[in-house]
Amino acid sequence: MKTGFESSRTAALELLDVAVPPSHEWKLRRKTPLVPNSIRKLLRPLFEQIGQSSFAWRAESVGFWRTPEGRYWLPRLVFQRSRDQAQIRLAIFAGIHGDEPAGVQALCELVRTLDSAPWLGRQYLIHVYPLCNPTGYEDGTRESRAGKDLNREFWRGSLEPEVHLLEREILRSKYDGFISLHSDDSSEGLYGFVRGATLTEHLLRPALAAAEALLPVNETAEIDGFHAINGIIRSGYDGVLSAPPGTTPEPFEVILESPAAAPLYLQSASLLRALLEIMRHYRRLIAFAADL
Ligand SMILES: [Zn+2]
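Residues numbered from 1 in each chain as written. Predicted model: local features only at pLDDT ≥ 70, side-chain atom pairs only at ≥ 80, totals over all residues. Heavy atoms only, no water.

> Looking at this structure, I do not really get the coordination of the zinc ion. What am I missing?
Protein coordination at the zinc ion comes from His97 (ND1), Glu100 (OE), Glu100 (OE) and His182 (ND1), with a distance range of 2.0 to 2.4 Å. Linear spacing of the donor residues for the zinc ion on their chain is H-x2-E-x81-H. Residue histidine 97 shares its accessibility class with glutamate 100, and that shared class is buried. (Donors = N, O, S within 2.8 Å, 3.2 Å for Na, K, Ca; no water. Buried < 20%, exposed > 50% of the residue type's maximum accessible area, 1.4 Å probe, protein only.)

Printed below as a string of structure tokens:
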């Protein structure tokens, strides 16, 4: 048992040590914040927890790429409590815009929450992608260091390495559901986009209601240039991180947005609450459909 722990702990930590040399964090770059956000600082406690004490999570790398500043990698955290019961395949993404840390923190909290509550998530196989734009996260910018808004690049033959790796993951894994976490500095409340399967709206509505205990929902009729009803938008931008066009059966797809001006801990806590509510409702909807 100890050997298993040790090897998974070492494997998880090696990803950090190999991929991001410590000195790299202090190199000065154009467009960088005064103190660059540290990927190591963000992920190390999480990876340590997963390596040392988690039976349900494992930490992996989806792939590497090189930039003039060094080598970067996309982390993936896999949750599976029981091989027999896990039938719902869920993908959760955060940090595709590098200046939206609330979603990244919410996913770190999701790891801790599911670790400490063994009755949660038994039916799920979850792939969590906590940091989809590592260079943007370091620089504190929406775009990647290549100057691209990665969330407009999907399924368009993009050459961006982050997009290529995520598209490959999505094609391989055939998810039943997609949840993306974002923050919006022009919104005073929580809201979300629904795409894909028609039941998606029945997931977002209770999710916003649950999160509203912490932050208000944006009730305006127009949000981000789109028509909205009770914080729900049914259209969206092209090229966002999603299932490939034409996927059947259609997975559910939710994009959650927190108000970026709110305190960070409230944003991440409300996003986490919304996530857990979506998981709870989807499981119930699936069970109900199976009984029909
Ligand atoms: Zn965003």
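So that's the structure; there's more coming.
> Explanation requested: the layout of surface pockets in the structure shown.
One way to see where empty space is left: roll a probe the size of a water molecule over the atoms. Of the volumes computed, that of the largest pocket is approximately 330 Å³. Looking at the largest pocket, it is lined by 21 residues, and the ones nearest its centre are His97, Glu100, Arg142, Ser183 and Glu257. Classifying every residue of the lining of the largest pocket gives six nonpolar, six polar and nine charged. (1 Å grid on protein atoms, 1.4 Å probe; cavity = no way out; pocket = protein on both sides within 12 Å on 5 of 7 lines; lining within 4 Å. Points joined across faces, edges and corners; volume = space filled by probe spheres on them. Nonpolar A, V, L, I, M, F, W, Y, C, P; charged D, E, K, R; others polar.)

> Looking at this structure, I do not really get the pairing of strand β1 (residues 57–67). What am I missing?
Each regular strand displays side chains that alternate between the two surfaces of the sheet. Two strands pair when backbone bridges link them, and β1 and strand β2 (residues 70–80) are joined in this way by ten bridges, in the antiparallel orientation. Bridging across to β2, serine 61 finds its partner in proline 75. Remark: two residues form the turn of the hairpin made by β1 and β2, two consecutive strands paired antiparallel. (Pairing = 2+ DSSP bridges. Helix = DSSP H or I, 4+ residues; strand = E, 2+ residues; numbered from the N terminus.)

> When you look at the side chain of asparagine 151 in this model, what are you seeing that I'm missing?
Summarising the element assignment, asparagine 151 is placed in the loop between α4 (134–139) and α5 (161–173). A polar atom in the side chain of asparagine 151 sits 2.9 Å from the backbone nitrogen of leucine 241. Apart from the residues lying within four places of it in its own chain, the contact partners of asparagine 151 are Ile96, His97, His182, Asp238, Gly239, Val240 and Leu241. (Polar contact = N/O pair within 3.5 Å; in protein donor to acceptor, adjacent residues only side chain to side chain. Contact = heavy atoms within 4.5 Å.)

> What should I look at first to understand α5 in this one?
Each turn of an α-helix holds 3.6 residues, which means side chains three or four residues apart point in the same direction. Counted at 1.5 Å a residue, the expected span for α5 with its 13 residues is 18 Å, and the 18 Å between its end C-alpha atoms agrees. Those residues of α5 that fall on the buried side of the exposure criterion are Glu162, Val163, Leu165, Leu166, Glu167, Glu169, Ile170 and Ser173. Tucked into the core, α5 has its buried residues touching β1, β2, β3 (88–94), β4 (124–129), α4 and β5 (177–184). Following α5 by one or two positions, lysine 174 has its phi on the positive side, about 50 degrees. (Expected span 1.5 Å × (residues − 1).)

Treat this as a map of the structure, not an account of what it does.
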